[in-house]
Amino acid sequence: MIYRLWYFIRETVVSLWRNLSLTLAAILTVGISLSLVGTSVLVREGADRATAQFQEGVEFIVFMNADHTPDQDAAIRQVLDTSPAISEYAYIDKLAAYEEFQVLFADKPELIESVTPDVMPPSYRIVPSDPDAANVAELARQFSTQPGVREVATATDAIRQIEDFSTRVSQVLLVAAVVLVVVSAMLILNTVFTAIGARREEIEVMKLVGATNWFVRIPFMLEGMIHGLIGAALAIPSLFIVENQVLSFFQESDVVPLFRGFAVPDGFVWDTSLWLLLLGGTVGMVGSAVAVTRYLDV
Amino acid sequence: MIRLESVSKVFKGDVTALRDASVEIQRGEFVFLVGPSGSGKSTFVRLLNREEVADSGRIMVAGKDLGSLSSWRVPYLRRNIGCIFQDFKLLSKKTVYENVAFGLEVIGRPRPVIRKQVPAILELVGLSRKADRTPDELSGGEQQRVSIARAFVNRPLILLADEPTGNLDPATSVGIMRLLDRINRSGTTVVMATHDRGVVDTMRRRVIELDRGVVVRDESRGVYD
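Residues numbered from 1 in each chain as written. Chains lettered and ligands numbered in written order. Predicted model: local features only at pLDDT ≥ 70, side-chain atom pairs only at ≥ 80, totals over all residues.

Novice: Report on the overall build of chain A, specifying residues and quantitative values.
Specialist: If you tally the helices and strands in chain A, you get 11 helices and 4 strands. Here chain A, with 298 residues, has 40% of them falling under the buried criterion. Relative to all contacts within chain A whose residues are 6 or more apart in sequence, the contacts with residues 24 or more apart total 88%. (Helix = DSSP H or I, 4+ residues; strand = E, 2+ residues; numbered from the N terminus. Buried ≥ 20, exposed ≤ 12 C-beta atoms within 10 Å, placed from the backbone. Contact = placed C-beta atoms within 7 Å.)

Novice: If you had to explain the packing of helix α3 (residues 96–105) of chain B against helix α4 (residues 111–125) of chain B to someone new, which residues and values would you point to?
Specialist: All names here are of chain B. At a minimum axis separation of 10 Å, α3 and α4 run at an interaxial angle of 130°. The orientation of α3 with respect to α4, classified from their angle, is oblique. The hand of the α3/α4 crossing is right-handed. Side by side, α3 and α4 meet where V96, Y97, V100, A101, L104 and E105 of the first sit next to V113, I114, Q117, V118, I121 and L122 of the second. Of the residues that constitute the contact of α3 with α4, the class distribution is 10 nonpolar, 1 polar and 1 charged. (Axes fitted to C-alpha atoms, helices over the stretch in contact; angles between N-to-C directions. Parallel < 35°, antiparallel > 145°, perpendicular 65-115°, else oblique. Left-handed = near helix turned anticlockwise from the far one by under 90°. Nonpolar A, V, L, I, M, F, W, Y, C, P; charged D, E, K, R; others polar.)

Novice: Could you give an account of the domain arrangement of chain A, with specific residues and numbers?
Specialist: For chain A, the assigned domains read domain 1 (2–51 + 159–296) and domain 2 (53–154). Look at where the C-alpha atoms of domain 1 of chain A and domain 2 of chain A centre, and you get two points 43 Å apart. (Domains from an automatic or database assignment.)

Novice: Describe the interface of chain A and chain B, with residues and values.
Specialist: Across the contact, 14 residues belong to chain A and 15 residues belong to chain B. Of all the secondary structure elements, the ones that give two or more residues to the side of chain A that touches chain B are α1 (2–18) and α8 (200–208) of chain A. Residues of the side of chain A that touches chain B, tallied by class, amount to 8 nonpolar, 2 polar and 4 charged.

Novice: Can you lay out the nonpolar core for me, pointing to particular residues and giving the numbers?
Specialist: Grouped together as the largest cluster of nonpolar side chains are 70 residues, with contacts concentrated most on L33, V100, A149, L160 and V191 of chain B. Of all the elements, α3 of chain B adds the most residues to this core, at 6 residues. Excluding residues that lie within four positions of it along the chain, V100 of chain B makes contacts with V118, I121, L122, V146, A149, R150 and V153 of chain B. By size, the runner-up hydrophobic cluster in this structure holds 40 residues, among which are L34, A47, A195 and V292 of chain A. (Core = buried A, V, L, I, M, F, W, Y, C linked by C-beta atoms within 7 Å.)

Novice: Quick rundown of the sheet that holds strand β1 (residues 2–11) of chain B? Include the residues and the values.
Specialist: Residue and element names in this part refer to chain B. Pairing in this open sheet of 4 strands is antiparallel, and the strands run β2-β1-β4-β5 from one edge to the other. Here the strands that pair on one side only, and so sit at the sheet edges, are β2 (15–25) and β5 (64–65). Here 7 bridges tie β1 to β2, and the two strands are oriented antiparallel to one another. Bridge pairing in β2 links F11 to V15. Helix α1 (residues 41–48) rests against β1, β2 and β4 (56–61) of the sheet, and its axis sits at about 120° to β1. (Pairing = 2+ DSSP bridges.)

Novice: Describe in detail the environment of E243 of chain A, supporting the description with residues and values.
Specialist: All names here are of chain A. Mapped onto the secondary structure, E243 falls in helix α9 (residues 213–245). Of the residues examined, E243 has 22 C-beta atoms within 10 Å and is grouped as buried. In the structure, E243 is positioned 201 residues away from L42 in sequence and 7.4 Å away in space, judged by C-alpha atoms.

Novice: Kindly report on the pairing of strand β7 (residues 158–162) of chain B, identifying the contributing residues and their values.
Specialist: Residues and elements named next belong to chain B. When you tally the buried positions in β7, you get 5 out of 5 residues, the bulk of the element. Every second residue of β7 is oriented toward a common face, with I158, L160 and D162 on one face and L159 and A161 on the other, all of them buried. Pairing of strand β6 (residues 81–85) with β7, which is carried by 5 bridges, proceeds in the parallel orientation. For G82, the partnering residue across the bridge sits in β7 and is L159. Here β7 pairs with strand β8 (residues 189–193) via 5 bridges, running parallel. Its bridge partner being in β8, L160 is matched across the sheet by V191. Between the parallel elements β7 and β8, the chain passes through helix α6 (residues 170–185) in a crossover that is right-handed. (Right-handed = clockwise from strand over helix to strand, strands pointing away.)

Novice: How would you sum up the confidence of the model for chain B? Please name residues and give values.
Specialist: Averaged over all residues, the pLDDT of chain B equals 93, while 100% of them reach at least 70. Interface predicted TM-score (ipTM) for the complex: 0.88; the corresponding pTM is 0.71. (pLDDT = per-residue confidence, 0-100.)

Novice: Can you tell me about α1 of chain B, naming the residues and giving the values?
Specialist: Along an α-helix, a turn takes 3.6 residues, which lines up residues three or four apart on a common side. All names here are of chain B. Within α1, 6 of the 8 residues are buried, which leaves the element mostly enclosed by the surrounding structure. Those residues of α1 that sit buried are K41, T43, F44, V45, L47 and L48. In the stretch just after α1, R50 is the one whose phi turns positive, near 60°.

Novice: Describe the packing of α9 of chain A against helix α11 (residues 266–296) of chain A, listing the residues and the values that go with them.
Specialist: Residues and elements named next belong to chain A. Between α9 and α11, the least distance of the axes is 7 Å, while the angle of their chain directions is 150°. Taken together, the axes of α9 and α11 lie roughly antiparallel to each other. Handedness of the crossing formed by α9 with α11: right-handed. Across the contact of α9 with α11, the residue classes tally to 20 nonpolar, 13 polar and 3 charged.

Novice: Could you give an account of the confidence of the model for chain A, with specific residues and numbers?
Specialist: The predicted coordinates of low-pLDDT regions are not to be read in fine detail. Residues and elements named next belong to chain A. Model confidence for chain A is summarised by a mean pLDDT of 79, while 88% of its residues fall at 70 or above. Within chain A, the element-level pLDDT minimum falls on helix α10 (residues 248–252), averaging 59, and the maximum on α8, averaging 89. Here residues 255–262 is a poorly scored stretch, pLDDT under 50, and it has 18 contacts once near neighbours within four places are set aside; other chains count.

Novice: Explain the sheet that holds strand β3 (residues 30–34) of chain B to me, using residue names and the numbers behind them.
Specialist: All names here are of chain B. Read from one edge of the open sheet, 6 strands run β6-β7-β8-β3-β9-β10, paired in mixed fashion. With partners counted over all chains shown, the strands left at the sheet margins are β6 and β10 (214–219), one partner each. On average, each strand axis in the sheet is tilted by 15° relative to the strand beside it, whichever way the strands run. Against the sheet, helix α5 (residues 140–152) contacts β6 and β7, and its axis sits at roughly 165° relative to β6.

Structure below.
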């Protein structure tokens, strides 16, 4: 077994080296396409987190004081239940607010430790009948004067812009990424094809003396997998650049009063990186498997 | 060891390579396949190691029915069959030693076994002193000896030879035939397709003659025609 392992490693390295320029092209293409895939995922995630509280038509949020009285709460509910200007609303109690806080600040444990469910402000997320900005602003003003209300946050233009922007960016990136992933699979297929061509005589002899198809195949599949893995490894630093540079835009935007200052946590970036490695390795291996199988079945 | 029962093989464009051929070859026999170009000699040889599959009839090799042999088992069949060719099929970037070792390496033989068997087989074919040369530094006869060493290093039951002396001068061919004879005497069945009248007439072994895919003659201790 150990001899076979040594054989596979040696053949793979020799083949990668012999094919250097194509190998580099394949690796770079994989790297670029996977960094686009990753960026798209991160932008999507960043936008989702930045606007988490304002989804599904929620236009404004009424935050109650943590120590509001039941009477104050009842008064708000009375308005919400009877006003024709309110389409629907959801009540987020202290515990739910705390849980959301934990998710959004997952990579800042010191911040999570500094609060308890008790100090979290409960809130109403409100979908108005008429989402017109002036109407929302008027409703928000009315609620902000109610007793027991700490603050009213509206889905400002900034939030809508983030949503639009991130949706468009991540969609464009995703389309480009899918195209590039296909391109890189084809480039890997081609690189492996060239590698196979360079070793046509060897393969002929191998089959003649009774090497199994897997024995012939494995060095090439390893080669493709290495293209994919190195490409993915190149894409990972770019994810952290995106996290630090682009996503800080969401971090600095002053649109979500109580939950500001969050970003995509490092853990999510690492998870994405792992998925990229998996994707890169798989694309490389499948690409070369296709190339080898086509050749071997002749 | 080898049995063909009414075997036919037709290639695209209605080229009949073999028609209703029935032949039985015993273990340890030495058989010449003769006939003009295009008579089906090469197809005969290629059917035996399953590079080609028969259209009809049955082929038994080393106890296996090749028609029902699943493709993943073909490599294991081939480990029992050594092959040599007119053009040697040596790897030009590898040395003599590496060429022979390659045949063992790719069927997963451990290195200590390779280190023991390769020098022994090079000794047998008389190339011990040229182990570190590359094929293009060798004469045609020496190259064929390397290819025989590679085919025989795994001690196969059967040795298939397709025009092994086709590129060699008569004197060199004699040396190659002596080597094949020696291998045959060690118990290996040898099937050799050839054009080489001199070789066939000197050896006086079983001769099977093909003409347009039909077996027209099969005699023991035969001559070329």
